[in-house]
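An overview of the molecular structure
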Amino acid sequence: MANKTLLHYYKTGAFARLEMTLDAMSAQGWQVVKAGRLLQRFARDDSTVYRHRIGYCAAREGTADAITYAAAQERAGWTPVGEKKGWILYRRPAAREEDDCRLAQDREPIAVLFEKRIKARESFRRWMLVIAFALMLGGYVTDTLPVIYSFAIPMLLALLVTYQIKYMEESLKE
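The rules behind each value
Residues numbered from 1 in each chain as written. Predicted model: local features only at pLDDT ≥ 70, side-chain atom pairs only at ≥ 80, totals over all residues. Heavy atoms only, no water. Phe/Tyr/Trp six-rings, centres within 6.5 Å; stacked < 30°, edge-to-face > 60°. Helix = DSSP H or I, 4+ residues; strand = E, 2+ residues; numbered from the N terminus. Buried < 20%, exposed > 50% of the residue type's maximum accessible area, 1.4 Å probe, protein only. Lys NZ or Arg CZ within 6 Å of the ring centre and 35° of its normal. Pairing = 2+ DSSP bridges. Axes fitted to C-alpha atoms, helices over the stretch in contact; angles between N-to-C directions. Contact = heavy atoms within 4.5 Å. Patch = residues over 30% accessible without salt bridge, like charges linked within 9 Å, V, L, I, M, F, W, Y side chains within 5 Å. Areas by Shrake-Rupley, 256 points an atom, 1.4 Å probe, with all protein chains shown as cover. Salt bridge = Lys/Arg side-chain N within 4 Å of Asp/Glu carboxyl O. Lys, Arg positive; Asp, Glu negative; His and termini not counted. Charge placed at Lys NZ, Arg CZ, Asp CG, Glu CD.

A closer look at the packing of aromatic side chains
With the rule as written, the count across this model stands at four aromatic pairs. Where Trp-87 meets Phe-114, the ring centres are 6.2 Å apart and the plane angle is 50°; that geometry is what we call tilted. Separated by 27 residues along the polypeptide, Trp-87 in strand β6 (residues 87-93) and Phe-114 in helix α3 (residues 108-142) bring together distant segments of the chain. By relative accessible area, which is 2% here, Phe-114 ends up buried. Grouped by ring-pair contacts, the aromatic residues Tyr-56, Trp-87 and Phe-114 constitute a single cluster. If you follow Arg-44 out to its NZ or CZ, it ends over the ring of Trp-30, 5.0 Å from the centre. It is Arg-91 that lies over the ring of Tyr-50; its NZ or CZ is 4.3 Å from the centre.

Here you go:
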């Protein structure tokens, strides 16, 4: 059996792009073995073409909520392919398209998770900006160059968090 590995980074929340890539590879006869944000591994299998969806279950494995979520997906015809920290990759044969191929309970848990993460990151960003301003002001008052230049670290962290927030907000709009 032939194997193939793709190296492509998907931004946080770029579910649609990852799902489209996995669907396209499945149409070419490559079935996903393991999918992540950076590496996707495939094995050659022309027998069936699959549709892929990413779901999220916030409940711990073995709890009633997790069992209910898994049962709802199974009743809808979705089979889990892989799981990591609550993120679950599902697939089902592409010939079965009666309900527009969406997961049961669609993206509500993901939206709730991203909204919580966005709030936490916005708070972190505000604190980094306050710290950067205090370091810059303190450096000017004491006339110490290292203190003045040290404001760049919290500013860079604030910029990084701003991009993460942007990507999560874009994925919520999809």
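Observations regarding the sheet that holds strand β1 (residues 3-7)
The strands making up a sheet are joined through hydrogen bonds of the backbone, oriented either antiparallel or parallel. Pairing within the open sheet is antiparallel, and its three strands lie in the order β1-β3-β2. On the outer flanks of this sheet lie β1 and β2 (30-35), each paired with one strand and no other. Strand-to-strand twist in this sheet, taken as the mean axis angle between neighbours without regard to direction, amounts to 30°. Two elements, β2 and strand β3 (residues 39-44), share five bridges in a ladder whose sense is antiparallel. Residue Trp-30 lies in a different strand from β3, and its bridge partner there is Arg-44. Running over the sheet, helix α1 (residues 15-27) touches β1, β2 and β3 and is turned about 140° from β2.

Notes on a positive patch on the surface
Taken together, the side chains of Lys-34, Arg-41, Lys-84 and Lys-85 make up a positively charged region of the molecular surface. Along the chain, Arg-41 falls in strand β3.

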